[in-house]
Amino acid sequence: MLALFDLDNTLIDRLDAFRRWAAEFAADRGLGSADVAWMIELDADGSLPMSTFFTHVRERFALAESADSLWRGYRDRLPHLVTCRPAVLESLDRLRLSGWRVGIVTNGMTDNQSGKIHHSGLVDRVDGWAISDAEGFSKPAAELFEIAAQRCGTTLADGGWMVGDDVEKDVAGGRGAGLRTIWIDRGQSAGRSPGADHEVTDVLDAITMLDADL
């Protein structure tokens, strides 16, 4: 059976890593805590395109570097700040030992997302992954899910599950690709009905459900 997972704020805590990056960025440039808070608010939990984010950052702090240069620096540094909880890594190991094919489906830049997969230890816990920038398709497009399935040695026609925190990209995208879905409710989508097969608040609960052979 196939189990596909979103990366940011599903398998890894992207928001925590971003906060630490913002603190480092501010310290390197002599900025204050109010500036860190402003960047975190501007980022909006990753919903603002980073090209736009760094255009605003460059203008606000009158930085000499171009927005593209700032963005490249961010993509180089952020993967080193990302962590995956040991319990999640161990749970993925158990899932694969149970016969599951495990993959990652993520939107984002290739260098940034692949760096996160490698530095977090996930590279040794999954069978394959698909990154939108590298593949030319973005979630919720079914094509990206199919590429991930093939990298895991199977196809969407064989069925499976998609686990993620985004209502449109992960839940609607997974359903559109013919997968059953588990939604990670992070408390960011109040009042929205995701239409997932199951809802949990932690990816560990999702993995436990899968390992129980839903």
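Residues numbered from 1 in each chain as written. Predicted model: local features only at pLDDT ≥ 70, side-chain atom pairs only at ≥ 80, totals over all residues. Heavy atoms only, no water.

Q: Please explain the overall build of the protein chain as it appears in this structure.
A: The number of helices and strands found in the protein chain is ten helices and six strands. Its C-alpha atoms give the protein chain a radius of gyration of 18 Å, near enough to 17 Å, the size a compact globule of 214 residues would have. Residue pairs in contact within the protein chain that sit at least 24 positions apart in sequence constitute 61% of those at least 6 positions apart. When the accessible surface of the protein chain is totalled, it reaches about 9700 Å², and 46% of it is carbon and sulfur. Charge separation in the protein chain, taken as the distance between the mean sites of 22 positive and 35 negative side-chain charges, equals 2 Å. (Helix = DSSP H or I, 4+ residues; strand = E, 2+ residues; numbered from the N terminus. Rg over C-alpha atoms; globule rule 2.2 N^0.38 Å. Contact = heavy atoms within 4.5 Å. Areas by Shrake-Rupley, 256 points an atom, 1.4 Å probe, with all protein chains shown as cover. Lys, Arg positive; Asp, Glu negative; His and termini not counted. Charge placed at Lys NZ, Arg CZ, Asp CG, Glu CD.)

Q: Is there a simple way to think about the side chain of S120 in this case?
A: Within the secondary structure, S120 is located in the loop between α6 (110-119) and β3 (128-131). Sequence-distant contacts of S120, defined by excluding residues within four places in its chain, comprise I12, V82, T83, C84 and L89.

Q: Looking at this model, I keep getting lost on unusual backbone geometry. Mind explaining?
A: With glycine set apart, most residues show a phi of negative sign, and most peptide bonds adopt trans. In this model, K139 is joined to P140 through a cis peptide bond whose omega is 20°. Not every positive phi belongs to a glycine, and N9 is a case in point at roughly 60°. Structurally, N9 is set in the loop between β1 (2-5) and α1 (14-28). Non-glycine residue A44 carries a positive phi angle of around 55°. In this fold, A44 is placed in the loop between α2 (33-43) and α3 (50-61).

Q: Where do I start with the packing of α2 against α3 in this structure?
A: When two helices pack together, their arrangement is captured by the angle between the axes and the distance separating the axes. Closest axis-to-axis distance for the α2/α3 pair is 10 Å, and the angle between their directions is 155°. By the angle between their directions, the pair α2 and α3 is classed as roughly antiparallel. For the pair α2 and α3, the sense of crossing is right-handed. Listed contacts from α3 to D35, W38, M39, L42 and D43 of α2 are M50, F53, H56, V57, R60 and F61. Tallied by class, residues from the contact of α2 with α3 come to seven nonpolar, one polar and three charged. (Axes fitted to C-alpha atoms, helices over the stretch in contact; angles between N-to-C directions. Parallel < 35°, antiparallel > 145°, perpendicular 65-115°, else oblique. Left-handed = near helix turned anticlockwise from the far one by under 90°. Nonpolar A, V, L, I, M, F, W, Y, C, P; charged D, E, K, R; others polar.)

Q: Is there a simple way to explain the environment of H118 in this structure?
A: Of note, H118 is situated in helix α6. Sequence separation of H118 and P79 is 39 residues, and the distance between their C-alpha atoms is 8.2 Å. Those residues in contact with H118 that sit more than four places away from it in its chain are V123 and W129. Within polar-contact distance, the side chain of H118 engages the backbone oxygen of S114 at 2.8 Å. (Polar contact = N/O pair within 3.5 Å; in protein donor to acceptor, adjacent residues only side chain to side chain.)

Q: Hey, could you run me through the packing of aromatic side chains in this one?
A: Aromatic ring pairs are reported here in terms of the distance separating the ring centres and the angle at which the planes meet. Counted under the stated rule, the structure contains ten aromatic pairs. Pairing F18 with F53 gives two aromatic rings, centres 5.7 Å apart and planes at 75°, and the pair type is edge-to-face. With F18 in helix α1 and F53 in helix α3, the pair connects residues that are 35 residues apart, well separated along the chain. When the ring centre of W38 is taken as origin, the NZ or CZ atom of R60, which lies over that ring, is 4.4 Å away. A cation sits over an aromatic face here: R75 above W71, 4.8 Å from the ring centre. (Phe/Tyr/Trp six-rings, centres within 6.5 Å; stacked < 30°, edge-to-face > 60°. Lys NZ or Arg CZ within 6 Å of the ring centre and 35° of its normal.)

Remember, this is a structural readout, not a statement about activity or role.
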